[in-house]
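A look at the structure
What follows is the residue order along each chain.
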Amino acid sequence: MSIPDFELIANEALQTFKEIETIASEKLQSIGIASASAFATANTFTGNRAVQNLSGINQSNKDAYSGLIKEPAIVRLIVESGDGVLRTLYISRKSQVSLKSNIELASYGSQKGRLASISAGEDKEIEIAGKREIFYVVEKLTLHPTKSDNDWDSVDNFYSHDEYDGKTITSLRALLKQTEIDFSDELEQLLSDAKSSEIIIDGVRHQVRAAMSLRDQPILDKFQDEIFRLHLDSQLIILGPPGTGKTTTLIKRLGQKLDIEYLDDSEKRLIENGANTLLHQSSWLMFTPSELLKHYLKDAFSREMVPASDDRIKTWVSYRNDLARNTFGVLKTANGGKYNLKADINVLTDNVINAPEIWINEFKNAHWEKIISQLEQGREQVAASALIQNHPLLTKLDGIFANTKKQLPTSLLQQLDTLEKDIRSELDSAKEIADRLVKEQRNLLFNRNKNVFNELAKYLENLSLDEEDDEDAEFDDEADNQAPTTTEVQKAVNAYVGFIKTYSRLLYLGRSISKQSKATKVKDWLADRIPPKEILQQIGQQITYQNGLRRFLNVPKRYAFGAVASYADFRKKNSDNLAWYNGIPTIANHIDGTELDAIIFLILQNTRELLDQNFVSRNLDAPKFSTLKDFTWILRNQIMVDEATDFSVLQLASMRYLTSNQTNSFFACGDFNQRITHQGVKDLKQLQWAIPNLLSQHINIVYRQSKLLNEFARSLIEITGGDINSLGELPSESTHEGSKPALLENAGNIENIADWIAERIKKIESTLGILPTIAVLVNNESEVKLMANLLSKNLEELNLKAVACEEGKSLGEGTDVRVFDIQHIKGLEFEAVFFAGLDKLAVDKPEIFDRYLYVGATRAATYLGMVCYDSIPEKLIPIRENCVLNW
């Protein structure tokens, strides 16, 4: 076979770009005309929904055609079908149009798009029009289209062939201009040959990182491609070293599964059968460990044409706090809630934080035991206060409670659900009698003193009441039936009614009220205005009966959301367990972050468990299940987690429970060697506890680092005892040798460190001809601004400045040298990285120092600099011989 004619290939590619751009522009223009006509003729009978659907379709098409206009194609393939016919196939990132030439354009998300991920010389079986067919890739050209002066070009293209070594073509347009040179002049010929050697290069040329964004990887390799196309209902974590494209695979996976056109029929049914009320295209969340990484990823989402607002990319802490405060009523607001989250306390021991599985199971069991206790007490109260001896309802309840310890919670809840009509009938009768008696006493009090409730309101305003009130009082009345408390007088009336019900019930049962309770305070204030004992006994019998019956209603709701109150009981009971608790806060309603995670976890787990039950899912529109139906609003068809190993077991388990019951789609990525949080998940065993059906997939081809820095990262893993299964390998065609790490010891002070780093930065710019992305990592937040100021002073002569990226809230701009507290750089990527004070980092963070070093070092693509105030940490002495003082 003859040597490839690169000029012919370049000319075809650029002409194809023009054709795709022209056709996409025409279609984009036609959408505007069609839309105007459709909206003008839309009638009131078809309604707004038809218009909205048309608008949504039009917007999707507009985005698709706009994408093709901006980036016509990302790969050119010559493929051979089973019948021996050669075809030219271009692959676009997201969309496709029919071309007038003999060339075909397919979307990367389509079946033919799968061919883009295999190498030249490999074949793949795909499904075309319902039939399986094998295609062999003869040659492959990756493309990076750019447009300037109204002409198309493609830069840093990699060409591979089944018979030849790979080549980088730096510019297709520059290659074609070579053919226009007059070679009659021998010198011109020599100059052209020299220039040609710069345009066509052996192997893959390294692309210098000049912008702050996730590296663009339009086409995944064959291993990543198989992962991102897995069925929608898959649950998987991608594990691998830095720079292997884990996050890119996650984002492409999301984009492909959002495009309904490329879902198979079974995936479409999952979406259609789901209870999720959001459109599928909006039904997803991605969690990241930091705000900085969240903003860093947005460009990558944009390239894949996935709208990524702040509503869809979240940090767990931000999302959890919002959920706890505004949805589940865990955290206090002006309108309710129970706890105050305190960031500066550590209630739980390291044992629980590192391995919470036993502790959380004990909490779950305690919550269920509390519900069982409430039900058993309810059965006793119904028996004690029923007007009819051997009531038939008691017989039914006895049948259900015969083997409570052997029953699953959902089984018992289903049986109780069958008794709801009988219980409500009894409850309505008892309630009518009790409400009449209480109302008579309320009116009698008011008629004696028309100002009595104003006086009570003022009294209550000045009280500091113990929040540990009679828990059983919640069953005295239904929350839905309580009068609104928009005024202080209404609050006073409700306080009086609540007191009468609680006091009369306790009197009937022969029990006393807590001396510190709200009921006692009201009792003392009423004094001789309390109703006669015989009246209270009558009311007490009815309230006791109601209280008992009401315990058997809304049990699924308490199973799901009662965990909020149950945790306070659980913690109080186990407060002296030193294996779990460092000490209970003086203020009982103060909790730490892990405790909040636990409460949220149990709410999510129990609610998801209920939604999987037929007796719930088939009756979700019933009023009794309204809170469970409201819960479905927070579920999403896809949940994605970046840097998963920085999240705790409870956090990851909670994220998994945010998936739709139909799709159960959970995808994550991470690296145990990069875990830099104290509570981060430790191993696969913990992951599988959090997500029982989770599969793991390792990828290890590193696309970021040079050969020398990859070898350095390998040595760090070996020295520090990291997971050797996550060691990275460079692609076979990589030619990026890079530079050895630079090391300065005994710098003495931060001023000398800044001087040395500044000189290395100047060297990098002079070597590359441009200033690439550079990060300087300091050990704590207090050093960020100081280092930035020192560097700016040293770089001023080159019109450069360093910017303080304080608290991980800023990425800097343009050619700024970025200075970060090291804890914020997870997931970012730079051409050069400097450690300022490596020995001090080892002292300040001894437990995870080696991981911080590994994470920081693997942010760098080509240059890594390390500075010590004194000597290099003893643990790292073996790496000294692999370092240089200067480049």
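Quick notes on the rules
Numbers given to residues run from 1 along each chain, matching the order in which its sequence is written. Only residues with pLDDT of at least 70 are given local features in this predicted model, and only at 80 or more are side-chain atom pairs given and counted; all residues enter the totals for whole chains, interfaces and linings. Computation of side-chain values: all heavy atoms of the structure, hydrogens and water removed. The numbering of helices and of strands both runs from the N terminus, where a helix is a DSSP run of H or I of at least 4 residues and a strand a run of E of at least 2. In what follows, a contact means two residues having at least one pair of non-hydrogen atoms within 4.5 Å. In this description, accessible areas are obtained by the Shrake-Rupley approach with a 1.4 Å probe, and a residue is regarded as covered only by the protein chains that are shown. Asp and Glu count as negative and Lys and Arg as positive, but His and the ends of the chain are not part of the count. In plain terms, the charge of a residue is placed at NZ if it is Lys, CZ if Arg, CG if Asp and CD if Glu. Salt bridges, as used here, are contacts in which a Lys or Arg side-chain nitrogen is within 4 Å of a carboxyl oxygen on Asp or Glu. Multiplying 1.5 Å by the residue count of a helix minus one yields the expected span of that helix. Pairing of N or O atoms within 3.5 Å defines a polar contact, subject to two protein rules: one partner must be a possible hydrogen donor and the other a possible acceptor, and residues neighboring in sequence count only if both atoms are side-chain atoms. Pairing between strands requires that DSSP locate at least two bridges from one strand to the other. Here an axis means a line fitted to C-alpha atoms, over the contact stretch when the element is a helix, while the angle between two N-to-C directions is reported on a 0 to 180 degree scale.

All right, on to the overall build of the protein chain then. In terms of helices and strands, the protein chain carries 31 helices and 23 strands. Along the three orthogonal principal directions, the C-alpha set of the protein chain runs to about 120 × 75 × 50 Å. A separation threshold of at least 6 residues defines the contact pool for the protein chain, and within that pool the share at least 24 residues apart is 74%. Surface summary for the protein chain: the accessible area is close to 40,200 Å², and the carbon and sulfur share equals 48%. Distance between charge centres in the protein chain, computed from 102 positive and 126 negative side chains, equals 8 Å.

A few words on the pattern of salt bridges. Opposite charge on two side chains lets them pair, provided their charged atoms get close. For the structure shown, the criterion picks out 44 salt bridges. Lys112 is the salt-bridge partner of Glu104, the closest N and O atoms lying 2.6 Å from each other. What you see here is one network of salt bridges that share partners, running through Glu71, Arg93, Lys252 and Glu304.

Moving on to helix H17 (residues 488–509). For H17, which comprises 22 residues, the first-to-last C-alpha distance of 31 Å matches the rise-based estimate of 32 Å (1.5 Å per residue) to within 8%. Gly510 sits one or two residues past H17 and shows a positive phi near 75 degrees.

The next thing to look at is the side chain of Lys257. Structurally, Lys257 is set in helix H6 (residues 246–258). Of the polar contacts made by the side chain of Lys257, one reaches the side chain of Gln256; its length is 3.4 Å. If sequence neighbours within four positions are ignored, Lys257 has contacts with Phe228, Arg229, Leu230, His231, Leu232, Leu263, Glu267, His280 and Gln638.

Checked against the element boundaries, Asn273 lands in helix H7 (residues 265–273). Taking the C-alpha atoms as reference points, Asn273 and Thr663, 390 residues apart in sequence, are found 9.4 Å from one another.

With that settled, the discussion passes to the sheet that holds strand S11 (residues 284–288). Strands sit in the order S12-S11-S15-S16-S10-S17 across an open sheet of six strands; the sheet is parallel. Looking along the sheet, the strands with just one partner apiece sit at the ends: strand S12 (313–315) and strand S17 (695–698). The sheet shows a mean angle of 20 degrees between the axes of neighbouring strands, taken without regard to direction. Relative to S12, S11 runs parallel, the two being bridged by three bridges. Residue pairing for S12: Phe287 is matched across the bridge by Lys314. Running over the sheet, helix H10 (residues 316–326) touches S11 and S12 and is turned about 85 degrees from S12.

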